[in-house]
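# Structural features, examined
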Amino acid sequence: MEIGVLGAVTVDGETIPAGKQLTLLAALACHANRPVASDVLAQAAWPSAAPSPSTFRWHLHRLRATVGDRLVRRGDGHMLIVADDELDAVQFTRLIQRAAAEPAERALPLLDQALALWRGAPYSGLHDLEKIKVEAATLQEARLGAIEARAKALMLLGRFAECASDMATAVAEQPLRESFIELWLRALAAAGRPAEALRLYGRTRAMLVEELGVEPSGPLRRLHEELLRHDPAPRLLPPDVYAFTGRREELGVLDQLLHGPANVAVISGVGGVGKSGLALHWAYHSRDHFPDGQLYADLGQHTAADVLPRFLAVLGVILIPEDHDARIALYRQVLAERRMLIILDNAPGSVHVKPLLPGASGCVTVVTGRSRFEKLVADCGALLIQLDVLPPAEAALLLSRIARIEPSHAAPLVELCARLPLALRVAGARLVTRPGWTPEILAARLTEERRLDELRAGELDVRASLEAGYQDLPEVERVLFDRLGLVPAPTFTAWMAAALLMVPVSTGGDLLERLAERQLLQPEGLDVAGQERYRFHDLIRLLARERAGSGPVQDTVRDRFLSCLLALAKDACEREFGDGFRLLDSGAPHWRPQGQVLPEEPMTWMAAEHETLIAGIHHAAELGHAAICWDLALAGVRLFEIHGQFVSWEQTSQLALRVCRDHDDMRGMGAMLASLCAVEAFQYRREKALALAKETLPLLGENSIKALTLANLSAAELALGDTESALAHLTQAVSIAARVGDTLSEAALLSRLAPLHGGDPRPMLDKAMKLAAGNTRVSLLISMSDLHASVRAGRHAHAETLSTRILDDARRYGDRVLERQALCLRADSLAALRRPAEAAACLRRAHELAVIQNVPLEVQWITAALEAQCLLAAEGLAAHAPRM
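## Comments concerning empty space enclosed by the protein
Evaluated as defined, the whole model comprises one cavity of 30 Å³ or more. Roughly 30 Å³ of internal volume is contained in the largest cavity. Here the element with the most residues in the lining of the largest cavity is helix α22 (residues 462–471); it accounts for three residues. In the lining of the largest cavity, the residues fall into four nonpolar, four polar and two charged.

Now the structure itself:
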């Protein structure tokens, strides 16, 4: 059975006709599940005169016919028994009680369900009865309270427009109820209609004064004051950065946010690089595109939980939920119909930003921080700006504007500040605030040892900015950062981290990546060997060196790094040449990391680590480690030879030779003299090569190095006209290589010997090719001997075909020296084949390589050949262009 009293009184949906039965039912329903005395019931139905007992019983009988056994006798009275879900007034009360204990999102459906029970005025038509009148008024007040509760729930859920519409209807029903009017005003303001709310307040005040003779209540007056103070378009941006300079490309990327589809951008970079300045400068530049205002929060100082209430307050929300998730939902709801710019500065990471991202596509968010914000890029399609230091000209301009000097006068300080905007601003501030200081005086103070101390001016502190990412590092990452400061290499790879920490290579790579995520390292991308490389910003390198310290532990770490570099370099040579071109062993310790380092083509690793190798040789020399110094220098010869890096070759060998002499390391002296002899030979400095070979040979035992030195001696003698000695020394070199079992050296030396014997060189070249057993480099050397012989014999068609294959193989292998030599020989054959334009093109490319490789004599020869070739081409002749 269902009994309704929230409107006309009904039973199972049927209206009870007016009369005594209706009155008795209403009186019992007012006291449902409680006994009502018979005289009270009679007084309600017969207010003028009490009925006879029979009349009273007859009407109760008729009522029992309607409600059945729900009407029972209790003592001297009667009671209407109903379950909670059978009387709508009880259902209503229970629902609003439950709603009061729930958060807004769960309270709202309960309140909707409660209010849906109402069909009109409670106990309609019976309000002339005092008891029923009081009950009806109580229920009506509860309904108005439920309407208020529902409006507040809508406000907490950010459904301001809906709340404003509902409260307009409610106020029309209750025009003098100030709590309704206050909710209506709040909803209008929060929905972005503050002017309308102010007009409504004015009408309300006039009505209260006119009809009741009173001013609005205190809460309503305070709300009016808040509305007057509230800026509908909040502008929370800090001041624009002074003397902003450059960054045109980055500003252009941010401008893409104005036209979609992306509505999030992240600016990432090392501390002090100008991330906040870029974001704020662009925000001021583009603020006209955001008519609803700009929000700003420093997430380095505050969490999203701290920021959300402040944002909601300035957005006009006065009822702010306690629950964090509800605040996020409300924040996004408030922004749904607005076009605003949100700057989230110094964010630690994506997770710290996400609660503050609006859901609305009309809003734009710019995030700055040291993180690379991969999750925002992946989930939101955020535009990524990886901010680097300023270009030199822009750095000089920024410093000149801060220091109020000419840009040309700022130049001495630009690189000392590593072109970091914060450092440039500090330097400029110091010049301005210290009368008499010049850029030269400040530059003299910025020594490497004191640079970070000097780059501090009041609250501006470069060291503190750079250290911000360091302080929160886990222990192992902090140790790696410190130890990277011990390493002389300009860039870092996983194997280096593995050596510094004695961990697997994969772990070393992960740790480097974590440092890069904190902007303490800058990723350089993959090198030619497929290794991910990282570098320090110049000032961060100084910070790492400060933290590295000194002592026995640091000495051990340095030695292990050098031992690892040596082991990998020698492994690369061994994997490339096997037992060929055998290196001498200094006896220096080798340390190999756990995990794969060398790629399938090991010489690409040597090429990738060219700068590391040179830095390691210099570092070993500084530490006085003679053995590891010359051993590294000797391992580098294979790389220097292939790529024509003759300057590096000569400098490292000279350095290692000096260290060996200082430490009386005779074995090392012999190795380095042999190396210098070879580099002189490669550069066609015959007399120097001859003298060095004669100095070197007595220091060498019977080994591959001696065989190769004899070959270089032979080449010098041949060029100087001593053919007999040249042949004898080269023959001796072949014999030594064969005796020590160095088949690759033997093959290479046979290819040199073949043309000197007279007659057909083919049998000796064929033997050499078999000994090479498919080794790419040595096979190329043998093919080059064949090419030389073919050109000398005038077999130019064969030489042209052979040179094409050699050039393809040399370029694929990366051998720039053989490429240069093959180009010169190919030019000779092309000229002889009446193809002067092609010959000149070959000579021009060979000239470029000779200049890069610093081979002055070759440059002169090619220049002369080019001049002769051009002259011949102009005359229409196809003569052979002479080469010295």
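## Quick notes on the packing of aromatic side chains
Between two aromatic rings, the relevant description is the distance of the centres plus the angle of the planes. With the rule as written, the count across this model stands at 13 aromatic pairs. Between the aromatic rings of Y684 and W861, the centroid separation amounts to 4.9 Å while the plane-to-plane angle is 50°, which identifies the pairing as tilted. Linking Y684 in the loop between α32 (666–682) and α33 (686–696) with W861 in helix α42 (residues 856–874), this pair joins segments that are 177 residues apart in sequence. The exposure class of W861 is buried, given its relative accessible area of 13%. Each residue in the set Y470, F481, F492 and F536 is aromatic and connected to the rest through ring pairs, giving one cluster. Here R143 stacks its cationic end above the ring of W118, 5.7 Å away from the centre of that ring. Here the basic side chain of R434 rests over the ring of W437, its NZ or CZ set 5.5 Å away from the ring centre.

## Things to note about helix α24 (residues 494–501)
Within α24, eight of the eight residues are buried, which leaves the element mostly enclosed by the surrounding structure. Within the span of α24, buried status applies to A494, W495, M496, A497, A498, A499, L500 and L501. M502, located one to two residues past α24, shows a positive phi value of around 55°.

## Details of the sheet that holds strand β4 (residues 36–37)
The strands making up a sheet are joined through hydrogen bonds of the backbone, oriented either antiparallel or parallel. Overall, antiparallel pairing links the three strands, which are arranged β4-β6-β5 in an open sheet. In this open sheet, the two strands that pair with only one neighbour each are β4 and β5 (71–74). Relative to strand β6 (residues 77–80), β4 is paired through two bridges, and the arrangement is antiparallel. Bridging from a neighbouring strand, V36 pairs with H78 of β6.

## Some details on the sheet that holds strand β14 (residues 491–492)
The strand order β14-β16-β15 describes an open sheet built from three strands, whose pairing is antiparallel. If you trace the sheet from one side to the other, it starts and ends with β14 and β15 (522–526), each paired once. Alignment of β15 against strand β16 (residues 532–535), held across four bridges, turns out to be antiparallel. Pairing of P523 across the sheet is with Y534, part of β16.

## What to know about the pattern of salt bridges
If you walk through the whole model with that rule in mind, you get 49 salt bridges. Between D112 and R150 there is a salt bridge; the shortest N-O distance is 2.3 Å. Residue D112 is located in helix α5 (residues 104–115), and its partner R150 is located in helix α6 (residues 130–156); the two are separated by 38 residues in the primary sequence. Under the relative-accessibility criterion, R150 is labelled buried at 15%. The shortest N-O distance in the salt bridge between R430 and E454 comes to 2.5 Å. You can see R430 sitting in helix α19 (residues 421–433) and its partner E454 sitting in helix α21 (residues 451–454), a full 24 residues away along the chain. You'll find R430 and E454 in the same group, each marked buried. Residues participating in the shared-partner salt-bridge network are D112, R150, R159, E162 and D166.

Conventions used here
- Residues numbered from 1 in each chain as written.
- Predicted model: local features only at pLDDT ≥ 70, side-chain atom pairs only at ≥ 80, totals over all residues.
- Heavy atoms only, no water.
- 1 Å grid on protein atoms, 1.4 Å probe; cavity = no way out; pocket = protein on both sides within 12 Å on 5 of 7 lines; lining within 4 Å.
- Points joined across faces, edges and corners; volume = space filled by probe spheres on them.
- Helix = DSSP H or I, 4+ residues; strand = E, 2+ residues; numbered from the N terminus.
- Nonpolar A, V, L, I, M, F, W, Y, C, P; charged D, E, K, R; others polar.
- Phe/Tyr/Trp six-rings, centres within 6.5 Å; stacked < 30°, edge-to-face > 60°.
- Buried < 20%, exposed > 50% of the residue type's maximum accessible area, 1.4 Å probe, protein only.
- Lys NZ or Arg CZ within 6 Å of the ring centre and 35° of its normal.
- Pairing = 2+ DSSP bridges.
- Salt bridge = Lys/Arg side-chain N within 4 Å of Asp/Glu carboxyl O.

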